[in-house]
2 protein chains.
Amino acid sequence: MSRSNPRVLSTLERAGGFASAQEVYRLMQREGESIGLTTVYRALQSLVNDKIVDVLRRDDGEAIYRLCGEAHHHHLVCKGCGDTVEIEGGAIEKWAKMMAEEHGFRDVGHTAEIFGLCGKC
Amino acid sequence: MSRSNPRVLSTLERAGGFASAQEVYRLMQREGESIGLTTVYRALQSLVNDKIVDVLRRDDGEAIYRLCGEAHHHHLVCKGCGDTVEIEGGAIEKWAKMMAEEHGFRDVGHTAEIFGLCGKC
DNA sequence: GTGGTAATGAAAATCATTTTCATTTGTGCT
DNA sequence: AGCACAAATGAAAATGATTTTCATTACCAC
């Protein structure tokens, strides 16, 4: 029953706990692991069912998987050079919780990203 | 240049200001309008560029378009029924500004979204 | 009308994801 | 070991949204 392939999980961890199915697959290929794309998808779905990973959507619609409980962070992205800084989002966490409560939502997650031009651009 | 086809916009309005490209297309077909799917996609993209409509993602990854007011706001989306609440993001604005400053970014914008299950789901 | 630009849409291409199905692997049983 | 049977695997095909291509059409200024 447990299709939560441990190799897939460990690859997702190695990827920084944040990657799409395709990325996990490519990563495993590059590392010489022999695995099929189908199995990667199934393993990720299974991990989601088991609540070991979370699934979000990128802006382009691709599903990205993230380890649960992983201290999650947000991104500050430069529109010029694409440089990315990981930042803390303490204020956001509180805001999200507050807003959810206020509107009777439960089981909430959130996404937040800041973009602009960095000092060099 | 303005590909913001008014028929598409009015159909989106009629749909409750909330629909996917495919749904808008099917709706227009059903109403006897003669239009191509390609044109619907282009019109919606154009409307997004012009900031007349917002684009979100359904849980299955399909893009949904929705009319939005001028005021800058964020969304609280139900993963169950797709219900959406527009919310204020005062805390976010400050947070974004602070983070940008701290890392020497200028000209910044941001995205933020909260998702969870609403009271009814 | 003529020339040129923008808009249109049918069909093909793309891309992530899911399904199908035949094969392999694992496990318990004797 | 040999056997049976369920679960796991992955290649290939199917699906479905979205994008691209490209030939045609509508529009506008002169």
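Scroll up to find the structure this text is about.
My aim in this report is to walk through the structure given alongside it, one point at a time. Predicted model, so just to flag it, every value in this text is computed and none were measured.

Examining the sheet that holds strand 1 (residues 18-20) of chain A
All names here are of chain A.
- Ordered by their spatial adjacency, three strands build an open sheet running 1-3-2, and the pairing between neighbours is antiparallel. What marks the edges here is a single partner per strand, and that holds for strand 1 and strand 2 (53-57). Taken over all neighbouring pairs, the strand axes of this sheet differ in orientation by 30 degrees on average, direction set aside.
- Packed onto the sheet, helix 2 (residues 21-30) meets strand 1 and strand 3 (63-67) and runs at close to 95 degrees relative to strand 1.
- Sheet strands in contact with helix 3 (residues 37-49) are strand 2 and strand 3, and its direction is about 110 degrees off that of strand 2.

A short note on the nonpolar core
- Membership of the largest hydrophobic core comes to 24 residues, with the highest contact counts inside it found for W95 and I114 of chain A together with W95 and I114 of chain B.
- Elements with a minimum of two residues in this core: strand 4 (74-78), helix 4 (90-102) and strand 6 (106-117) of chain A together with strand 4 (74-78), helix 4 (90-102) and strand 6 (106-117) of chain B.
- Other than its neighbours up to four places away in sequence, W95 of chain B contacts H74, I87, E88, G89, A91, I92, A112 and I114 of chain A.
- Membership of the second largest hydrophobic core comes to 15 residues, among which are A19, A21, I35 and V53 of chain A.

Re the pairing of strand 4 of chain B
Residues and elements named next belong to chain B.
- Among the five residues that make up strand 4, five are buried, leaving the element largely enclosed by the rest of the structure.
- On strand 4, burial covers both faces: H74, L76 and C78 on one face and H75 and V77 on the other are all buried.
- In this sheet, strand 5 (residues 84-87) lies alongside strand 4 in antiparallel orientation, the contact comprising four bridges. Across the sheet, residue H75 finds its bridge partner in strand 5, namely E86.

Overview of the packing of helix 1 (residues 6-14) of chain B against helix 3 (residues 37-49) of chain B
Residues and elements named next belong to chain B.
- Taken N-terminus to C-terminus, the directions of helix 1 and helix 3 make an angle of 80 degrees; their axes are 9 Å apart at the nearest point. Comparing the axis directions of helix 1 and helix 3 gives the class roughly perpendicular. Residue-level contacts link V8, L9 and L12 of helix 1 to V40, A43, L44 and L47 of helix 3.

Side note on the pairing of strand 6 of chain B
- The sheet contact formed by strand 6 of chain A and strand 6 of chain B spans nine bridges and is antiparallel. Bridging from a neighbouring strand, E113 of chain A pairs with T111 of chain B of strand 6 of chain B.
- Direction of pairing for strand 4 of chain B relative to strand 6 of chain B: parallel, over a ladder of four bridges. Looking at strand 6 of chain B, one finds that L76 of chain B is bridged to I114 of chain B.

Examining unusual backbone geometry
Residues and elements named next belong to chain A.
- Of note in this structure, K51 is not a glycine but carries a positive phi near 60 degrees.
- The residue K51 is located in the loop between helix 3 and strand 2 in this model.
- Relative accessible area serves as the criterion here: at 68%, K51 is assigned to the exposed category.

Notes on the pattern of salt bridges
- Tallied over the entire structure, the rule returns 10 salt bridges over all chains.
- The closest approach of N and O atoms between E62 of chain A and R58 of chain A, which form a salt bridge, is 3.4 Å.
- R14 of chain B is paired through a salt bridge with E31 of chain B; the nearest N and O atoms lie 2.5 Å apart. In this pair, R14 of chain B is assigned in helix 1 and E31 of chain B in the loop between helix 2 (21-30) and helix 3, connecting sequence segments 17 residues apart.
- The class for R14 of chain B is partly exposed, based on a relative accessible area of 43%.
- Counted as one network, the salt bridges with shared partners bring together E23, R58 and E62 of chain A.

Topic: the sheet that holds strand 1 (residues 18-20) of chain B
Residue and element names in this part refer to chain B.
- Pairing is antiparallel in the open sheet, where three strands are placed in the order 1-3-2. Two strands lie at the open edges of the sheet, namely strand 1 and strand 2 (53-57), each paired on one side alone. Strand after strand, the sheet turns through a mean of 30 degrees between neighbouring axes, direction not considered.
- Each of strand 1 and strand 3 (63-67) touches helix 2; the most contacted strand, strand 1, lies at about 95 degrees to it.

Points about the packing of helix 1 of chain B against helix 2 of chain B
All names here are of chain B.
- Running from amino to carboxyl end, helix 1 crosses helix 2 at an angle of 100 degrees, the nearest separation of the two axes being 10 Å. In terms of axis orientation, helix 1 runs roughly perpendicular to helix 2. Here R7, V8, T11, L12 and R14 of helix 1 come into contact with helix 2, specifically with V24, L27 and M28.

The rules we used
Residues numbered from 1 in each chain as written. Chains lettered and ligands numbered in written order. Predicted model: local features only at pLDDT ≥ 70, side-chain atom pairs only at ≥ 80, totals over all residues. Heavy atoms only, no water. Pairing = 2+ DSSP bridges. Helix = DSSP H or I, 4+ residues; strand = E, 2+ residues; numbered from the N terminus. Axes fitted to C-alpha atoms, helices over the stretch in contact; angles between N-to-C directions. Contact = heavy atoms within 4.5 Å. Core = buried A, V, L, I, M, F, W, Y, C linked by side-chain atoms within 4.5 Å. Buried < 20%, exposed > 50% of the residue type's maximum accessible area, 1.4 Å probe, protein only. Parallel < 35°, antiparallel > 145°, perpendicular 65-115°, else oblique. Salt bridge = Lys/Arg side-chain N within 4 Å of Asp/Glu carboxyl O.

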